[in-house]
Amino acid sequence: MKTIHRIVLASALLAPGAVSLAKPAPTFGVEVGNALLCIDQVDNKYFYDYLSASFGKPYKVDAGAYWFKTPGASLWGVNVTDVLVNDPSSPAAFIGAVFQSNPFALTKAINAAIGINFTPQDNSAYPLRQSRAGSIIAYANNNAKMYCAKSKYLVPGMR
């Protein structure tokens, strides 16, 4: 599968406009969804390449992350507006996504689709919600931001 992504990226660089980069790969739900749920590996180089092949270069680098606009992408029936992966300056390996939904509705959608629960971490009006695997859903203004973060120092080869 990585070979396909490299071919698409190379084609786009050699013949701009010949390949549409603004749509999610057919494997988006599995690849990005499982990483966000912390049930798959979080490898920033892999996800940088994967997202670049589908959506083009990141539109910004901010707060230790490369940010990609993701038109047409959805997970668990909820639109995904952005996906971010850590850049080399970050002390953690992570992947995150911003959804066009509030955290409560996103947790319901994930539970209905695949049966994973998220537990509020306190009794505040805007609690973080966490899965047993360690995935976090937080408020991002009126939307939800979901992420999975792991220490780089625990991942071989990322030091």
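The rules we used
Residues numbered from 1 in each chain as written. Predicted model: local features only at pLDDT ≥ 70, side-chain atom pairs only at ≥ 80, totals over all residues. Heavy atoms only, no water. Helix = DSSP H or I, 4+ residues; strand = E, 2+ residues; numbered from the N terminus. Buried < 20%, exposed > 50% of the residue type's maximum accessible area, 1.4 Å probe, protein only. Contact = heavy atoms within 4.5 Å. Areas by Shrake-Rupley, 256 points an atom, 1.4 Å probe, with all protein chains shown as cover. Core = buried A, V, L, I, M, F, W, Y, C linked by side-chain atoms within 4.5 Å. Disulfide = S-S within 2.5 Å. pLDDT = per-residue confidence, 0-100. Phe/Tyr/Trp six-rings, centres within 6.5 Å; stacked < 30°, edge-to-face > 60°. Pairing = 2+ DSSP bridges.

Caption draft 1: Summary view of the overall build of the protein chain. Of regular secondary structure, the protein chain possesses four helices and nine strands. Here the protein chain holds 159 residues, and 43% of them are scored as buried. When contacts within the protein chain are restricted to residue pairs at least 6 apart in sequence, those whose partners lie at least 24 apart make up 50%. Of the roughly 8,700 Å² that the protein chain leaves accessible, carbon and sulfur atoms contribute 55%.

Caption draft 2: Representation of the environment of Pro127 in the model. Here Pro127 is to be found in the loop between β6 (119-120) and β7 (129-130). In this structure the C-alpha to C-alpha distance between Pro127 and Ala138, which are eleven residues apart in sequence, comes to 7.1 Å. Those residues in contact with Pro127 that lie beyond four places of it in its chain are Pro120, Gln121, Asp122, Ile137 and Tyr139.

Caption draft 3: Spotlight on the nonpolar core. In this structure, Phe28, Ile95, Phe99, Leu106 and Met146 are the most contacted members of the largest nonpolar core, which totals 33 residues. Taken together, the elements giving at least two residues each to this core come down to α2 (28-36), α3 (44-55), β4 (78-86), β5 (92-99), α4 (103-114) and β9 (143-151). At five residues, α3 tops the list of elements feeding residues into this core. One finds Ala65, Trp67, Ala92 and Phe94 within the second-largest nonpolar core, a separate group that totals six residues.

Caption draft 4: A look at the state of the cysteines. Overall, the coordinates contain one disulfide when judged by the stated rule. Each sulfur of the disulfide joining Cys38 and Cys148 lies 2.0 Å from the other. Measuring the twist about the S-S bond at about 125°, one finds the Cys38-Cys148 disulfide to be right-handed. Of this pair, Cys38 sits in the loop between α2 and α3 while Cys148 sits in strand β9, placing them 110 residues apart in sequence. For the pair formed by Cys38 and Cys148, the shared burial category is buried.

Caption draft 5: Looking closely at unusual backbone geometry. Phi angles above zero are rare outside glycine, and Ala63 is one such case at about 55°. Inspection of the secondary structure puts Ala63 in the loop between β1 (60-62) and β2 (65-69). According to the relative accessible area criterion, Ala63 is exposed, its value standing at 71%.

Caption draft 6: Layout of the confidence of the model for the protein chain. Taken over all residues, the pLDDT of the protein chain has a mean of 84, while the share at 70 or more is 82%. Below a pLDDT of 50 lies the segment residues 1-20, which in the model reaches twelve contacts outside its immediate sequence neighbourhood of four places, other chains included.

Caption draft 7: Just the packing of aromatic side chains, in detail. Using the criterion set out here, one finds eight aromatic pairs in the structure. Judged by centre distance (5.2 Å) and plane angle (80°), the ring pair of Tyr46 and Phe47 falls under edge-to-face. Exposure class is identical for Tyr46 and Phe47. Each is buried. Centre to centre, the rings of Tyr48 and Phe68 are 5.7 Å apart; their planes meet at 70°, and the pair counts as edge-to-face. Here Phe68 lies in strand β2 and Tyr48 lies in helix α3, a separation of 20 residues in the sequence. According to the relative accessible area criterion, Tyr48 is partly exposed, its value standing at 26%. With a relative accessible area of 0%, Phe68 lands in the buried category.

Caption draft 8: Local environment of the pairing of β9. Note that β5 and β9 share eight bridges and pair antiparallel. By the bridge assignment for β9, Ala92 is matched with Ser151. Summarising the sheet, strand β8 (residues 136-140) and β9 pair through five bridges and their orientation is antiparallel. Within β9, the position partnered with Ile137 by the bridge is Met146.

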